Amino acid sequence: MNKVAIVYWSGTGNTEEMAKAVESGAKDKGAEVSLIEAANFSSGEAEGFDTIAFGCPAMGDEELEDTIFEPMFNDVKESLSGKGIALFGSYDWGDGQWMRDWEDRCRDAGLNLLTESVIANNTPDDEALGKCKSLGQAIAV
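The text that follows walks through the structure, step by step, so that each part is easy to find. Because the structure is predicted, anything quoted here is derived from the model rather than measured.

As a further point, take the nonpolar core. Of all hydrophobic cores here, the largest spans 26 residues; its most connected members are Phe41, Ile52, Phe54, Phe69 and Trp102. Of all elements in the fold, only strand E1 (3-8), strand E3 (51-55), helix H3 (69-76), strand E6 (84-91) and helix H4 (97-108) reach the threshold of two or more residues within this core. If we ignore the near neighbours within four places in the chain, the residues touching phenylalanine 54 are Val7, Phe41, Phe69, Met72, Phe73, Val76, Leu80, Ile85, Ala86, Leu87, Phe88 and Trp102. One finds Met18, Ala19, Val22 and Ala140 within the second-largest nonpolar core, a separate group that totals 21 residues.

See below:
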């Protein structure tokens, strides 16, 4: 059985809602899933999972949240080699550049992005939640 972690940071609840949809999709495919807030995740814990989906909204000038999520992600990045990775998050302004930059950082680090990232403008609508659920199904196999 695939062990999946869904690690997220959410300021307004939008990215948390997306994380729960990813969780639902992964569980539908029979994965053992742990939903974890970013402040409670470390490189040591990453080793216990086959696949990890990371969720973070755009903050500031289209960047990852920098007090909790960014330090956590930098800490665990070295322990992600050989694991399947997926990304998701929400934004309020701009055009999703933060996600493209994040994907590039992951590729530059040699990480294995399993599926297309999912972004939602503000509160995720039914289409975005459906894509999150599909993301969860894709990473569960």
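Read on, since the account is not over.
In the structure shown here, the tally under the stated rule is eight aromatic pairs. Where phenylalanine 41 meets phenylalanine 49, the ring centres are 6.3 Å apart and the plane angle is 45°; that geometry is what we call tilted. Take phenylalanine 49: its relative accessible area is 11%, and that puts it in the buried class. These aromatic residues form a ring-pair network of at least three members: Phe41, Phe49, Phe54, Phe69, Phe73 and Trp102. A cation sits over an aromatic face here: lysine 3 above phenylalanine 49, 5.8 Å from the ring centre.

Going through the model one piece at a time under the given rule, you end up with eight salt bridges. Two residues, glutamate 32 and lysine 3, come together in a salt bridge whose shortest N-O distance is 4.0 Å. Here glutamate 32, found in strand E2 (residues 32-37), pairs with lysine 3, found in strand E1; they are 29 residues apart in sequence, far enough to count as distant. Taking relative accessible area as the criterion, glutamate 32 reaches 40% and is therefore assigned partly exposed. Its salt-bridge partner being lysine 27, residue glutamate 23 comes within 3.3 Å of it at the nearest N-O pair. With a gap of four residues between them, glutamate 23 and lysine 27 both fall in helix H1 (residues 14-28), about one helical turn apart. When its relative accessible area of 45% is taken as the criterion, lysine 27 is described as partly exposed.

About the criteria used
Residues numbered from 1 in each chain as written. Predicted model: local features only at pLDDT ≥ 70, side-chain atom pairs only at ≥ 80, totals over all residues. Heavy atoms only, no water. Core = buried A, V, L, I, M, F, W, Y, C linked by side-chain atoms within 4.5 Å. Buried < 20%, exposed > 50% of the residue type's maximum accessible area, 1.4 Å probe, protein only. Helix = DSSP H or I, 4+ residues; strand = E, 2+ residues; numbered from the N terminus. Contact = heavy atoms within 4.5 Å. Phe/Tyr/Trp six-rings, centres within 6.5 Å; stacked < 30°, edge-to-face > 60°. Lys NZ or Arg CZ within 6 Å of the ring centre and 35° of its normal. Salt bridge = Lys/Arg side-chain N within 4 Å of Asp/Glu carboxyl O.

In short, geometric facts, not functional conclusions.
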